There are 2 protein chains.
Amino acid sequence: MSTTNTGFLEDFAAMSGFGATAAGGVDRQAGTAADHATRAWFGDWLARHGFTESVDAIGNQFGTLELVPGAPYVLIGSHLDSQPMAGRFDGAYGVLAAAHAAARVAAEARSGRLEPACNLAVVNWFNEEGSRFTPSMMGSSVFTGKLALDEALAVTDPAGESVAAALAAGHRPAGGAPVLADVARYAEIHIEQGRNLEETGTQVGIVDCTWAASKYRVTVDGAQSHTGSTRMEDRRDALYGAALVIAAARDLAAEFEPGQLHTSVSEMYVLPNSPVTIARQVRMNLDLRSPDEAVLARAMELLGKSIADAEGRSRTQVTLEQTHQWGLVPYQSEGVALGVASAKRLGFSHTQIMTVAGHDSTNLKDVVPTVMLFVPSVEGVSHHEAEYTRDEDALRGVELLTEVVRRLVAGELPAE
Amino acid sequence: MSTTNTGFLEDFAAMSGFGATAAGGVDRQAGTAADHATRAWFGDWLARHGFTESVDAIGNQFGTLELVPGAPYVLIGSHLDSQPMAGRFDGAYGVLAAAHAAARVAAEARSGRLEPACNLAVVNWFNEEGSRFTPSMMGSSVFTGKLALDEALAVTDPAGESVAAALAAGHRPAGGAPVLADVARYAEIHIEQGRNLEETGTQVGIVDCTWAASKYRVTVDGAQSHTGSTRMEDRRDALYGAALVIAAARDLAAEFEPGQLHTSVSEMYVLPNSPVTIARQVRMNLDLRSPDEAVLARAMELLGKSIADAEGRSRTQVTLEQTHQWGLVPYQSEGVALGVASAKRLGFSHTQIMTVAGHDSTNLKDVVPTVMLFVPSVEGVSHHEAEYTRDEDALRGVELLTEVVRRLVAGELPAE
């Protein structure tokens, strides 16, 4: 590997020190002190490598490199924020890989080894994780016009602090940041967060489609009463109703072929959450994903029956409000072809692959031609401190992204 | 009814204004501003009615009336704190009834209509509910020597505020408060929190026993992972494991005759509680009660099997730590007989009754002869804003408690 690649691993180790947990992960939810510290370090890295740093109104952090005055940008990035007690690769790997790839391609262009058609920008999207501030992919949603800036800035965390306040407390360099109209192409690299690449011994993946997903906010309404003295037949226990829904959602997956349906319930709030009082209300998130839209539809039909049964058994009322819904969404075939050609050129074993998780590229691909790449995750571990990608896989990903960016900057991917 | 009884309803309405909720309940957890305001009002009431107010180190609020210099006290009371969004009768009714009963009996003694053998003290026990600060019955537990004062003062609420700090912020008159050695007898009146009296058309209940109860802190340990991308077979979802335990605990009740087993799970904490991360840990309270100790033992045996099954299905580890355990605990038969004689004397229809809920008298009866009385609860509603006891039932209870206190002050209940 080249000297630059050795530098990548050193930089990644340094970056992983911000919000580091004892077990080797990071804890740097969006807009926290640990996130701000990581952003400040990355801003310094950008400056040291000749990028011009800027931050837009929703906190997306950019580093731009001018190669062709007035030309649009090839934008490359991911996110530096994390889930609570999470892994150090998710997002952060992609941001640093983007920065290294951009620096290398810019050097090639400036030394005449490459004829650039575009300028280069790297980006750290604000709040991709959505753990502290809902919704997830906040920065890229505002950037692509899917979410209003004012609405995003007004979102508050469970302690009542707003996005606007959290951003104001952090690192904010002056100067104009790129806007969507300035961007011609987008590329992103991420760890797989699954174990398909590892199991098939494949070195890199080129993402061609996103799984279909439906997400709901579930509210279970019961009635407060005394945990001890209330007769069992008089109870309307919202936590019991919620437990039946959680179990039903999980058991649903067994109704389909393995790998056809992922379901989960997460983030739960119990009211009043007192030791001797039966819950009057439970609120939680329900998440269903599938590589087949028909499976998702059938799953929701089955779940509806289970929920009606849960309502009857617990004497509660269950309300579902859909918060996210997307079908199978393909990445542009020209972008996939460019990714495949790049992997071939470098001699990396590769496969086209679907992504189950959402990424900022999910937003970007809807508005500009996009290339999305994966490197293997050991055992598919994700959103856990034990998340891991081997050095050789991480470095191979930087090589692949560099080749993709090289081609994008040269204007290889035509507009559709 | 007498003028004093009319005054009781007026006083009760005034007291119910502190921490009042729109739906007719109260929300005044221990040591909050609403609790402090209620305590200050009650302190003022005591002073206006000739009581000497004092507060001990754990925040128990007393009003004493000297009738026989140097004699021990007949202590009467309950608690003014409430669950979140709860009813206005639970505890508060008993404190005000005690104050009215004490004032009437003292007036009788001072006018020569009664020969007193004891002094009188009313008490508002601190933190009976245990919703903000664990454990419940904190004030009476410290008073009776079951819980160390330092340990209780160091307990913190979920926001990190200690009992000591919460007490320091409130109403603290100077002066020595009674201690256990000063107390000869205890009496308490409470709403039933069940519907046995109402269903049988009985006016008052004399409590003769406490249901057996076992309470556990349940910890479900799984592993964090991504709600979307983690394969179903790779998941170790602590929330799914918790849901199986909640459902199993509830279904257990159906294995026994109606009214033989009450079970519930309440107060649940989910880590990390993020929308796209599977829970690594859930902590919750499990509560089992029965009027038959053998039922409780059999229930725990069955639950153990269900928990082992839940662990297997969810690939989690479930740990139970017992936090409370008591068998069927009778109240002294002499106290029950005195309560029955009092009800007969007043011509009230009455029955001996078990209490399912714990009360401060549960602590006091272990150390001094105790009389515990119930008045009916409409539909048995408890720990809910709709909790209700009719005026005529509330006033009848004050009459009964007054008669009981009259007999206790006269020395009718012999020491055992």
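Every value quoted in this text rests on a predicted model; they were computed, and no experiment measured them. (Residues numbered from 1 in each chain as written. Chains lettered and ligands numbered in written order. Predicted model: local features only at pLDDT ≥ 70, side-chain atom pairs only at ≥ 80, totals over all residues. Heavy atoms only, no water.)

### Structural notes on the environment of R48(B)
Residues and elements named next belong to chain B.
Step number 1: Turning to its location among the elements, R48 is positioned in helix α2 (residues 33-48).
Step number 2: Since its relative accessible area comes to 51%, R48 is described here as exposed.
Step number 3: Put simply, R48 and Q281 are 233 residues apart on the chain and 52 Å apart in space, counted from C-alpha to C-alpha. (Helix = DSSP H or I, 4+ residues; strand = E, 2+ residues; numbered from the N terminus. Buried < 20%, exposed > 50% of the residue type's maximum accessible area, 1.4 Å probe, protein only.)

### Topic: the side chain of Q83(A)
Step number 1: Its location among the elements puts Q83(A) in the loop between β3 (73-78) and α3 (92-110).
Step number 2: One polar contact links Q83(A) to T277(B), side chain to side chain, over a distance of 2.7 Å. (Polar contact = N/O pair within 3.5 Å; in protein donor to acceptor, adjacent residues only side chain to side chain.)

### Some thoughts on the UniProt feature "binding site: Zn(2+) 1" (unreviewed entry) in chain A
Residue and element names in this part refer to chain A.
Step number 1: Using the residue numbers shown here, the UniProt feature "binding site: Zn(2+) 1" (unreviewed entry) corresponds to H79, D90 and H190. Spanning 112 residues, the annotated positions come together in the fold, the maximum distance between their C-alpha atoms being 9.7 Å.
Step number 2: As for its placement among the helices and strands, H79 is situated in the loop between β3 and α3.
Step number 3: Taking relative accessible area as the criterion, H79 reaches 1% and is therefore assigned buried.
Step number 4: Here H79 is in contact with D90, G91, A92, V95, N124, W125, E128, E129, H190 and D360, once residues within four sequence places are set aside.
Step number 5: In this structure the side chain of H79 is engaged in a polar contact, spanning 3.3 Å, whose partner is the side chain of D90.
Step number 6: Judged by its relative accessible area of 6%, D90 falls in the buried class.
Step number 7: Look past the residues within four positions of D90 in its chain and what remains in contact with it is H79, D81, E129, H190, I191, Q193, S382, H383 and E387. (UniProt positions renumbered as here; feature names shortened; annotations may be inferred. Contact = heavy atoms within 4.5 Å.)

### Side note on the nonpolar core
Step number 1: Formed by 70 residues in total, the largest nonpolar core has its most connected members in M268(A), V282(A), M284(A), M268(B), V282(B) and M284(B).
Step number 2: Once residues within four sequence positions are removed from consideration, M268(B) is found in contact with L239(A), M268(A), V270(A), N273(A), L239(B), A242(B), I246(B), V282(B), R283(B) and M284(B). (Core = buried A, V, L, I, M, F, W, Y, C linked by side-chain atoms within 4.5 Å.)

### Examining the relation of the copies chain A and chain B
Step number 1: Note on the copies: chain A fits chain B at an RMSD of 0.0 Å, the axial shift is 0.0 Å, and the rotation between them is 180 degrees. Such values leave the two copies arranged in the relation of a two-fold axis. For chain A, the residue whose C-alpha comes nearest the rotation axis is A243(A), separated from it by 2.1 Å.
Step number 2: When the interface residues of chain A are mapped onto chain B, 100% of them again fall at the interface, so both copies present the same face. (Least-squares fit on C-alpha atoms with pLDDT ≥ 70 in both.)

### Focus on the pattern of salt bridges
Residues and elements named next belong to chain A.
Step number 1: Applying the stated criterion across every chain, the model contains 38 salt bridges over all chains.
Step number 2: The residue E161 makes a salt bridge to R132 at a minimum N-O spacing of 2.9 Å. On the criterion of sequence distance, the pair formed by E161 in the loop between α5 (149-154) and α6 (163-168) and R132 in the loop between β4 (119-124) and α4 (138-143) is long-range, its members being 29 residues apart.
Step number 3: Judged by relative accessible area, which is 31%, E161 ranks as partly exposed. (Salt bridge = Lys/Arg side-chain N within 4 Å of Asp/Glu carboxyl O.)

### Thoughts on the sheet that holds strand β9 (residues 262-271) of chain A
Remark on secondary structure: sheet strands pair via backbone hydrogen bonds, oriented parallel or antiparallel.
Residues and elements named next belong to chain A.
Step number 1: Spatial ordering of the open sheet is given by β9-β11-β7-β12, a layout of four strands whose pairing is antiparallel. Pairing within the sheet leaves two strands with one partner each, and these edge strands are β9 and β12 (317-326). Ignoring which end each strand starts from, the neighbouring axes of this sheet average 15 degrees apart.
Step number 2: Note that strand β7 (residues 212-221) and strand β11 (residues 281-290) share ten bridges and pair antiparallel. The residue of β11 that forms the bridge with A213 is R289.
Step number 3: Helix α9 (residues 293-314) rests against β7, β11 and β12 of the sheet, and its axis sits at about 155 degrees to β11. (Pairing = 2+ DSSP bridges. Axes fitted to C-alpha atoms, helices over the stretch in contact; angles between N-to-C directions.)

### Some words on the interface of chain A and chain B
Step number 1: On the chain B side, the residues contacting the 61 residues of chain A number 61 residues.
Step number 2: Contact with chain B buries area across many residues of chain A, yet R231(A), M232(A) and R250(A) alone supply 13% of it, more than any other trio.
Step number 3: Counting across the chain A and chain B interface gives eight salt bridges.
Step number 4: Linking D234(B) and R195(A) is a salt bridge whose minimum nitrogen-to-oxygen distance equals 2.6 Å.
Step number 5: In this structure, the connection of chain A to chain B is made through 40 residue pairs in polar contact (both at pLDDT 80 or more).
Step number 6: Among the secondary structure elements, those contributing two or more residues to the side of chain A that touches chain B are α7 (196-200), β8 (225-226), α8 (238-252), β9 and β11 of chain A.
Step number 7: Looking at the side of chain A that touches chain B element by element, the count peaks at nine residues for β9(A). (Buried area = accessible area lost by both parts, 1.4 Å probe.)

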